[in-house]
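So you can see what is in the structure, the chains are spelled out below.
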Amino acid sequence: MSDETDVVFLGINDVGVQVYEWLCDQDDVFVHSLLTTKDQLRVIKEVEPDYVVSCGYRYRVPEPILEIPEKGCLNLHPAYLPYNRGANPNVWSIVEDTPAGVTLHYMDADLDTGDIIARRKVPTQFSDTGRDLYERLEDAQIELFRETWPDVVAESISPTEQRSDAGTYHRTDDFDELCDLDPDETVQVKEFLDRLRALTFTPYQNAEIEVDGETYYIEVDISKED
């Protein structure tokens, strides 16, 4: 009988690839597959792994699939849950001044609402752009997973239930609305700068405004006095 932990991995982004490769390098882990599409989820039925690990997977996993792994399905999310469930957590941490961080949690039928295994705050400052914070969250996700995985396998964790009435949630549509600047809107300077820096993510052109029939894209660069 093998002492290896069987894993099926769901993920496609840069962090997902690095976590996947790290798991593959562990002597006591056997990673069967790296799945990136919905139709590939049938592999989980065939393999019946100990764990499913998700990082950067773009689809909601159906509840019948979540029930297959004997020891659970884990997701790595770039937010300090329960804040910023859903899309673009780096942006909303800046815009709404909510804690930035990363969380490893169990997956359930809803989005980013499962019991928290471990989480860590990530520091921010006023000069951060959305890209700056995104990259810092990437590094923190990898560190958190590597540090927490041994405790997960040893079953020496004490998950914390998320309160349904706590935290925040955002859809992709919310981000799209945030990008559309109204030239006639009255704003508070600090709040508006937070919005612009959250949307600054080179090479993407996020914040846009239409003036005199022309569309312009806006980024900000904020520097701290030495």
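It should be noted that the structure appears before, not after, this text.
Everything numeric in this text was worked out from a predicted model, so none of it was measured.

Undergrad: What is the right way to look at the sheet that holds strand β4 (residues 73–77) in this model?
TA: Within a beta sheet, neighbouring strands are joined by backbone hydrogen bonds and run either parallel or antiparallel to one another. Strand order in the open sheet formed by six strands is β2-β1-β3-β4-β6-β7, and the pairing between neighbours is mixed. Two strands close off the open sheet at either side, each with one partner strand: β2 (29–35) and β7 (116–121). With direction set aside, neighbouring strand axes in the sheet form an average angle of 15°. Examined bridge by bridge, β4 and strand β6 (residues 101–106) share four bridges and lie antiparallel to one another. Along β6, the bridge assignment pairs N75 with H105.

Undergrad: Can you help me understand the packing of aromatic side chains in this one?
TA: For any two aromatic rings, the description comes down to two numbers: the centre-to-centre distance and the angle of the planes. Taken as a whole and assessed by the stated rule, the structure comprises seven aromatic pairs. Aromatic pair Y51 and W149: ring centres 5.4 Å apart, planes at 65°, arrangement edge-to-face. Of this pair, Y51 sits in strand β3 (residues 51–54) while W149 is found in helix α5 (residues 130–153), placing the two residues 98 residues apart along the sequence. Each member of the pair, Y51 as well as W149, carries the same accessibility label: buried.

Undergrad: Mind showing me how you'd approach a negative patch on the surface here?
TA: On the surface, a cluster of negative charge is contributed by D176, E177, D180, D182, D184, E208, E210, D212 and E214. Of all the secondary-structure elements, those providing two or more residues to the negative patch are α6 (172–179) and β10 (207–211).

Undergrad: Mind showing me how you'd approach the packing of helix α1 (residues 14–24) against α5 here?
TA: Any two packed helices are characterised by how steeply their axes cross, that is the angle between the axes, and by the distance between the axes. It is at 10 Å that the axes of α1 and α5 come closest, and there the two elements cross at 25°. It follows that α1 is roughly parallel to α5 by the angle criterion. α1 and α5 meet at a crossing whose hand is right-handed. Contacts between α1 and α5 involve D14, V15, Q18, V19, W22 and L23 from the first element and E138, Q141, I142, F145, R146 and W149 from the second. Counted by class, the contact of α1 with α5 contains seven nonpolar, two polar and three charged residues.

Criteria and thresholds
- Residues numbered from 1 in each chain as written.
- Predicted model: local features only at pLDDT ≥ 70, side-chain atom pairs only at ≥ 80, totals over all residues.
- Heavy atoms only, no water.
- Pairing = 2+ DSSP bridges.
- Helix = DSSP H or I, 4+ residues; strand = E, 2+ residues; numbered from the N terminus.
- Axes fitted to C-alpha atoms, helices over the stretch in contact; angles between N-to-C directions.
- Phe/Tyr/Trp six-rings, centres within 6.5 Å; stacked < 30°, edge-to-face > 60°.
- Buried < 20%, exposed > 50% of the residue type's maximum accessible area, 1.4 Å probe, protein only.
- Patch = residues over 30% accessible without salt bridge, like charges linked within 9 Å, V, L, I, M, F, W, Y side chains within 5 Å.
- Areas by Shrake-Rupley, 256 points an atom, 1.4 Å probe, with all protein chains shown as cover.
- Salt bridge = Lys/Arg side-chain N within 4 Å of Asp/Glu carboxyl O.
- Lys, Arg positive; Asp, Glu negative; His and termini not counted.
- Charge placed at Lys NZ, Arg CZ, Asp CG, Glu CD.
- Parallel < 35°, antiparallel > 145°, perpendicular 65-115°, else oblique.
- Left-handed = near helix turned anticlockwise from the far one by under 90°.
- Contact = heavy atoms within 4.5 Å.
- Nonpolar A, V, L, I, M, F, W, Y, C, P; charged D, E, K, R; others polar.

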